[in-house]
Amino acid sequence: ELANRMAERVADVVKSLMQMGMMVTQNQTIDADTAELIIEEFGHKVTRVSDSDVEDVIKEIEDKEEDLKSRPPVITIMGHVDHGKTSILDAIRNARVVAGEAGGITQHIGAYQVKTESGTVLSFLDTPGHAAFTSMRSRGAQVTDIVILVVAADDSVMPQTIEAINHAKAANVPMIVAINKCDKPAADPMKVRAELLQHEVIVEAMSGEVQDVEVSAHTGQGLEELLEAIALQAEILELKANPARAAQGAVIEAQLDVGRGPVATVLVQTGTLRQGDIFVVGEQYGKVRALINDKGERVEEAGPSVPVEVLGLNGTPEAGDVLNVTETDAQAREIAEYREQAAKDKRAAAGAATTLEQLMQKAKEDENVSELPILVKADVQGSAEAIVQAMEKIGNNEVRVRVLHSGVGAITETDVGLAEASGAPIMGFNVRANTSARNTANQKGVEIRYYSVIYDLVDDVKAAASGLLSAEI
Ligand code: GDP
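Quick caveat: nothing in here was measured; it's all calculated off a predicted structure.

Helix and strand counts for the protein chain come out as 14 helices and 21 strands. Looking at the protein chain as a whole, 44% of its 473 residues qualify as buried. Expressed as a percentage of contacts within the protein chain between residues at least 6 apart in sequence, the contacts between residues at least 24 apart total 70%.

Moving on, we come to the pairing of strand 3 (residues 111–115). With four of five residues buried, strand 3 is to be regarded as a mostly interior element. Pairing analysis gives five bridges linking strand 3 to strand 4 (residues 121–125), with the strands arranged antiparallel. Pairing of alanine 111 across the sheet is with leucine 125, part of strand 4.

The sheet built from four strands is open, its strands ordered 19-18-20-21 with parallel pairing. At either margin of the open sheet sits one strand with a lone partner, and together these are strand 19 (399–408) and strand 21 (448–451). For this sheet, the mean angle separating the axes of adjacent strands, direction not counted, is 25°. By the bridge criterion, four bridges tie strand 20 (residues 426–429) to strand 21 in an arrangement that is parallel. Bridge pairing in strand 21 links methionine 427 to arginine 449. Strands in contact with helix 11 (residues 381–393) are strand 18 (370–378), strand 19 and strand 20; relative to strand 19, the strand with the most contacts, it is inclined by about 170°. Across the sheet, helix 12 (residues 413–422) lies against strand 18, strand 19 and strand 20, angled at about 175° from strand 18, the strand it touches most.

What follows is about the packing of helix 2 (residues 10–19) against helix 3 (residues 32–41). Contact geometry for helix 2 and helix 3: axes closest at 11 Å, N-to-C directions at 115°. Comparing the axis directions of helix 2 and helix 3 gives the class roughly perpendicular. As for the relative orientation of helix 2 and helix 3, their crossing is right-handed in sense. Where helix 2 approaches helix 3, its residues Val13, Ser16 and Leu17 are matched on the opposing element by Thr34, Ile38 and Glu41. Grouping the amino acids of the contact of helix 2 with helix 3 by side-chain chemistry returns three nonpolar, two polar and one charged.

With respect to topology, six strands assemble into an open sheet ordered 3-4-2-5-6-7, the strand pairing being mixed. Each edge of the open sheet is held by one strand with a lone partner, namely strand 3 and strand 7 (212–214). Taking each pair of neighbouring strands and ignoring which way they run, the sheet shows an average axis angle of 30°. By the bridge criterion, five bridges tie strand 2 (residues 74–79) to strand 5 (residues 146–152) in an arrangement that is parallel. In the strand pairing of strand 5, glycine 79 is matched with valine 150. The strands touched by helix 9 (residues 223–237) within the sheet are strand 2, strand 4, strand 5, strand 6 (175–180) and strand 7, with strand 5 carrying the most contacts at an inclination of about 150°.

Attention shifts here to the pattern of salt bridges. For the structure on display, the rule yields 18 salt bridges. Among the ionic pairs, lysine 295 bridges to aspartate 294, the shortest N-O distance being 3.5 Å. Overall, the relative accessible area of 23% leaves lysine 295 in the partly exposed class. We note a salt bridge from aspartate 460 to arginine 449, for which the minimum N-O separation is 3.1 Å. Of this pair, aspartate 460 sits in helix 14 (residues 454–472) while arginine 449 sits in strand 21, and the two are eleven residues apart along the sequence. For aspartate 460, a relative accessible area of 30% gives the class partly exposed. Salt bridges here are not isolated pairs; linked through shared partners, they connect Glu1, Arg5, Arg333 and Glu337.

Here we take up the site of the ligand. Near the ligand there are 16 residues, and of these Asp82, Thr86, Ser87, Asp183 and Ala217 occur at the shortest range. The separation between an oxygen atom of the ligand and a polar main-chain atom of glycine 84 is 3.0 Å. A distance of 3.3 Å is found between an oxygen atom of the ligand and a side-chain nitrogen or oxygen belonging to tyrosine 455. Within the complex, 77% of the 580 Å² of free accessible area of the ligand lies under protein. Counting residues per element, the shell around the ligand draws most heavily on helix 5 (residues 85–98), at three residues. Class assignment for the residues of the shell around the ligand results in three nonpolar, eight polar and five charged.

Conventions and cut-offs
- Residues numbered from 1 in each chain as written.
- Predicted model: local features only at pLDDT ≥ 70, side-chain atom pairs only at ≥ 80, totals over all residues.
- Heavy atoms only, no water.
- Helix = DSSP H or I, 4+ residues; strand = E, 2+ residues; numbered from the N terminus.
- Buried < 20%, exposed > 50% of the residue type's maximum accessible area, 1.4 Å probe, protein only.
- Contact = heavy atoms within 4.5 Å.
- Pairing = 2+ DSSP bridges.
- Axes fitted to C-alpha atoms, helices over the stretch in contact; angles between N-to-C directions.
- Parallel < 35°, antiparallel > 145°, perpendicular 65-115°, else oblique.
- Left-handed = near helix turned anticlockwise from the far one by under 90°.
- Nonpolar A, V, L, I, M, F, W, Y, C, P; charged D, E, K, R; others polar.
- Salt bridge = Lys/Arg side-chain N within 4 Å of Asp/Glu carboxyl O.
- Near = heavy atom within 4 Å.
- Polar contact = N/O pair within 3.5 Å; in protein donor to acceptor, adjacent residues only side chain to side chain.
- Areas by Shrake-Rupley, 256 points an atom, 1.4 Å probe, with all protein chains shown as cover.

As structure tokens, this is what we get:
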């Protein structure tokens, strides 16, 4: 690699290293100081990339007050499972599409925009739940301005409702409470309000400051009111960004598309992203070949709070990765490569630590604990994360599910190899196995199961876990 970069012959570089007393082969990694000596010896110039260089290239620009323009709020829906998060997201999207807002059916790109009747534009993240919210935050991308806390009026406050409250509070993001399923005879909105009070969420109806709206995703009751409540909250927040600068955004989801290559949905946070822009995103880089909006239309540019699909990446980034437009191709590439190496070093260090830790942990733990190992492959990062989260919740003191590996993309031979070694089945969510993986799996007796509904997958694993339980007893 070093020889390549210097446009010198590998043999000459190796020879030179040997003359320095280092017996190396051509694929060996050498430290930075040695590399620098070699580079100078060959008469080339050294440029080292470091954390501070990366920061220099993608430095925070202080925006002038007059450059700041108001931008749409970005909304995440959270709440307990089955309380209607997905239904509300769908109802809002469909209502606006039918209202003639868009030129047809919205594309699923992980986020969408709607306009309220009074004309405010809102950007919704289409992956409900706090798993995605938290994983984005842990990667340094806080994109959410407002959290909609969905609580079913017939079920009231549940464990994940409390978790969602805590996540929103930890992130310092204001909440709006949507009391859902108000069409049901068993609906008791007052009970919801009273229980929220116990968790220090004081809604307006209880003389507090948190807006609360009674809604029904099924009948559409209260949805327009909910949108206006969001618009009002956004006004209070005075959200602003400078559209006239190099874009920065966060990856909402990313996948490897068979026809189009790596595709990432990016929510622009500041600046304007344009076709032709050169960028770095996490450990990947690229040049914007095309931008596609939530209606599936090609657009020339995307400003603050606008979600767009970005084509033209060299690899698939991860949800939560930050995208920065750079001035030159070389900058983007160097930062991406620097990050990749840094991440590799970190993984190598962490890998060794985990194994030891795991071994010790295992020794300490009850010998009667059974583990159900599985592999998870999904079409998008958000789904993979949601599945892993759900898996972690399955089990008790005697049985537990262990996700050996989870990833995005088709099931490959590598996955089958890992599954075989650990006696684990492979759970594919909206993905298939490629031919060689399928053949190998057949040969080695590795089970591959396909799903398109997360609940089905979870149910099957639950059943397997309880089967394991009874078999052990
Ligand atoms: P999520 O897990 O929070 O995303 O919940 P879903 O949106 O998948 O909804 C869970 C179940 O509740 C589904 O069977 C929905 O049809 C139902 N549901 C959602 N909203 C309403 C509502 O407003 N009224 C009624 N009656 N049922 C609802």
